[in-house]
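The lines below spell out each chain.
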Amino acid sequence: MCGIVGYIGNRNAYPIIIKGLQRLEYRGYDSAGVALYDDGNINVSRTPGKVDDLRAIAASEMTLDGTLGIGHTRWATHGEPNKRNAHPHLSNSGDLVIIHNGIIENYESIKKELIQRGYVFHSDTDTEVLVNLIEEVKKKENVKLGKAVQIALNQVIGAYAIAVFDRTKPDEIVVAKLGSPLAIGIGEDEFFIASDASPFIEYTNNAVYLEDEEMAIIRRGKEIKLRKIKDDRVAYPMVQELQLNLEAIEKNGFEHFMLKEIYEQPHAIRDTFRGRLRADQGLVKMAGVDQHLERFRNANRIIIVACGTSWHAGLVAEYIFEDLARIPVEVEYASEFRYRNPVITDKDVVIAISQSGETADTLAAIKLAKSHGAFVFGVCNVVGSSIARETDAGAYTHAGPEIGVASTKAFTTQITVLTLLALKLAKEAGTISESHFRNMLTEIEAIPGKVERVLESNPEVEHIARAYKDSTNCLYLGRGYNFPVALEGALKLKEISYIHAEGYPAAEMKHGPIALIDEHMPVFVIATRKGHYEKVVSNIQEIKSRKGKIIAVVTEGDEQVRELADHVVEIPETSECLSPLLTTIPLQLLSYHIAVMRGCNVDQPRNLAKSVTVE
Ligand code: AGP
């Protein structure tokens, strides 16, 4: 869960690396560092904090020249996020330098052996152990860097994307991957290395994504050489044309990525259903499903595995699948599923949901399900990500890059894909009438326009945010399809504003949380007209009689809740199962404004990273 960047070519490496690291800060931002080769030396600068902190000190610590370099932005796993633990790490001789994203699980035993052989360690990291292991192998076996990396990696257990170079061979970088992503951008006589393609998008449209257990030897001005780490077989680079554009990874006038991404939702939802939905012909086309229809048809049940916001999208999907397609569904935290010896059979269909496609627990859950013969279908946003590759089939959400750590457009596009899938399966199974099916398709097509209307309430939501920005606790309530939205609303507030918040099914309130309600407790209630409306109104009355503050998301024209609530935000009328696509928007905006008003770092909240590639 770190970002890595490297460059070898004819340009000055430093600005490319720094800008690249800034684009990868969504992966971690505890500490940052850079190493440049210049005139026989490796110059290194490292600091706790963000890439901006690194930029502020690097010039005073070293010369910024050099056409070969590597950089790192870290989310700490081993050792505190201080200067000594920041990457890059040098080997004992000072000849080798490495950056690493991942974890070396057996680093302690390797470290012990290296200490016995006289190695000295200056950090608490597993990465420093790895670079010294490579150095030891290189010396002992008298081999070149590439071979030494390969032998060393065969001795380690864990996950990695690494880039390493040798001061005495400054025309070469060696990279390798297992479990963590690594892309190589191919320019003219120059190569870029990064955790994803965003650091090099303005330089080249061609990239090679390393597969797991592959390494590459990259020589200045030559072709890259790919090998399998295990058995040294030659692999052939598959050059892919990148679809990414610069605009998608910049803020485009928005103050934060999160706000930009909230506003991108009409477009992202439309992109997600475009080409898949034909309301005029009453058709849903999903290639990944069409090719495996038999597996879905024969499924005894669907198990959904995911984490965080993606898990909330999975909960919404549970309601839709059971409601429309009448297939039993279980929704599991991937982190629990992978360790609890679950019953999985070859009649199960497992759906793994992940924005990043790199979440370690979700990936492990997929591997477990596959080992029991289940068919695994992925719903990912990042094209070519580990989960997208590991699953048997899948459907991408076309949300575009999501950079803010708080997921917003990933959530709504995941629900969009899962709704299409549920409709398709319902049609197949004959559990939905033709008219209901067609109405749903027409209604989905109308969703982007309705999201735009909800976004118009932003000034109102900002006004509400001001009233509750100093709260210490908040409750979020919803029923049915909007219970997961309550959970998601609470998660958004927690992660970016550090206010304690709980999401509950509204009816559960009286089984405990009602004890918390007093005049200081804001309660955000989703009270749309089609979702058990009268029951939710009763819950609102219960809150009101205990003096709780009520902020309700209601359907346009609602008068009953308006009378009871302290504040309301309206959403346009839609079918109940699509309502999460609208009700979630004001809650996203509310969290955003509260976080901004509290002076929090919205896009990079403390202790978090965008993709959680560790357990
Ligand atoms: C969402 O706002 C969170 N940052 C987090 O819960 C996230 O959804 C979770 O880590 C799963 O990530 P994924 O979708 O990339 O697998």
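Presented here is a report on the structure given in the accompanying data block. (Residues numbered from 1 in each chain as written. Predicted model: local features only at pLDDT ≥ 70, side-chain atom pairs only at ≥ 80, totals over all residues. Heavy atoms only, no water.)

**Let's talk about the sheet that holds strand β10 (residues 191–194)**
This is how it is decided: Between any two strands, at least two bridges found by DSSP are needed for them to pair. A run of H or I in DSSP becomes a helix once it reaches four residues, and a run of E becomes a strand once it reaches two; helices and strands are each numbered from the N terminus. Whether two residues are in contact is decided by their heavy atoms, any of which lying within 4.5 Å being enough. The axes are straight lines fitted to the C-alpha atoms, using for helices just the contacting stretch, and the angles between their N-to-C directions are given from 0 to 180°.
With antiparallel pairing, eight strands are arranged side by side in an open sheet as β3-β2-β4-β1-β10-β9-β11-β15. In this open sheet, the two strands that pair with only one neighbour each are β3 (41–48) and β15 (240–241). Pairing between strand β1 (residues 3–8) and strand β4 (residues 68–74): six bridges, direction antiparallel. By the bridge assignment for β4, Ile4 is matched with His72. Its contacts with the sheet place helix α1 (residues 13–23) against β1, β2 (31–38), β4 and β10, and it is angled at close to 20 degrees to β4.

**So, the site of the ligand**
To keep it simple, the criterion reads: We define proximity as follows: a residue is near a molecule or strand when any one of its heavy atoms falls within 4 Å of that partner. Distance and chemistry together define a polar contact, namely a pair of N or O atoms within 3.5 Å, with one atom able to donate a hydrogen and the other to accept it when in protein, and with adjacent residues in sequence counting only for side-chain atoms on both sides. Note on areas: these come from Shrake-Rupley sampling with a 1.4 Å probe, and a residue is covered only by the protein chains present in the view.
Of all residues adjacent to the ligand, which total 15 residues, the nearest are Ser310, Ser354, Ser356, Thr359 and Glu495. Here an oxygen atom of the ligand and a side-chain polar atom of Thr359 are 2.4 Å apart. For the ligand, an oxygen atom lies 2.8 Å from a polar atom in the backbone of Ser407. For the ligand, whose unbound accessible area comes to 410 Å², protein coverage reaches 92%.

**Comments concerning the side chain of Asp558**
Along the chain, Asp558 turns up in the loop between β26 (549–555) and α19 (560–564). A distance of 2.8 Å separates the side chain of Asp558 from the backbone nitrogen of Val561, its partner in a polar contact.

**Here's the deal with the sheet that holds strand β22 (residues 393–396)**
Pairing is parallel in the open sheet, where five strands are placed in the order β19-β18-β20-β21-β22. Across the chains shown, the open sheet's two edge strands, defined by having one partner strand only, are β19 (329–333) and β22. The average angle at which neighbouring strand axes cross in this sheet is 20 degrees, direction not considered. Pairing analysis gives five bridges linking strand β18 (residues 301–306) to β19, with the strands arranged parallel. Note that in β19 the partner of Ile304 across the bridge is Val331.

**So, the layout of surface pockets**
Any empty space left between the atoms is revealed when a probe the size of a water molecule rolls over them. Filter applied, for reference: Note on definitions: the grid is 1 Å and covers protein atoms alone; a cavity is a set of points where a 1.4 Å probe fits but cannot get out; a pocket is an open set with protein on both sides within 12 Å along at least five of seven lines; lining residues have an atom within 4 Å of a point. Grid points are joined across faces, edges and corners, and a volume is the space filled by probe spheres set on the points. For this classification, Asp, Glu, Lys and Arg are treated as charged, while Ala, Val, Leu, Ile, Met, Phe, Trp, Tyr, Cys and Pro are nonpolar and the rest, including Gly, are polar. The domain limits used here are those given by an automatic or database domain assignment.
In this model, the largest pocket occupies a volume close to 1,200 Å³. Along its surface, the largest pocket is lined by 48 residues, and Leu244, Asn381, Val383, Gly400 and Pro401 are the ones closest to its centre. When its residues are assigned to classes, the lining of the largest pocket shows 17 nonpolar, 17 polar and 14 charged. Both domains that meet at the lining of the largest pocket, namely domain 1 (3–248) and domain 2 (254–453), each give it at least three residues.

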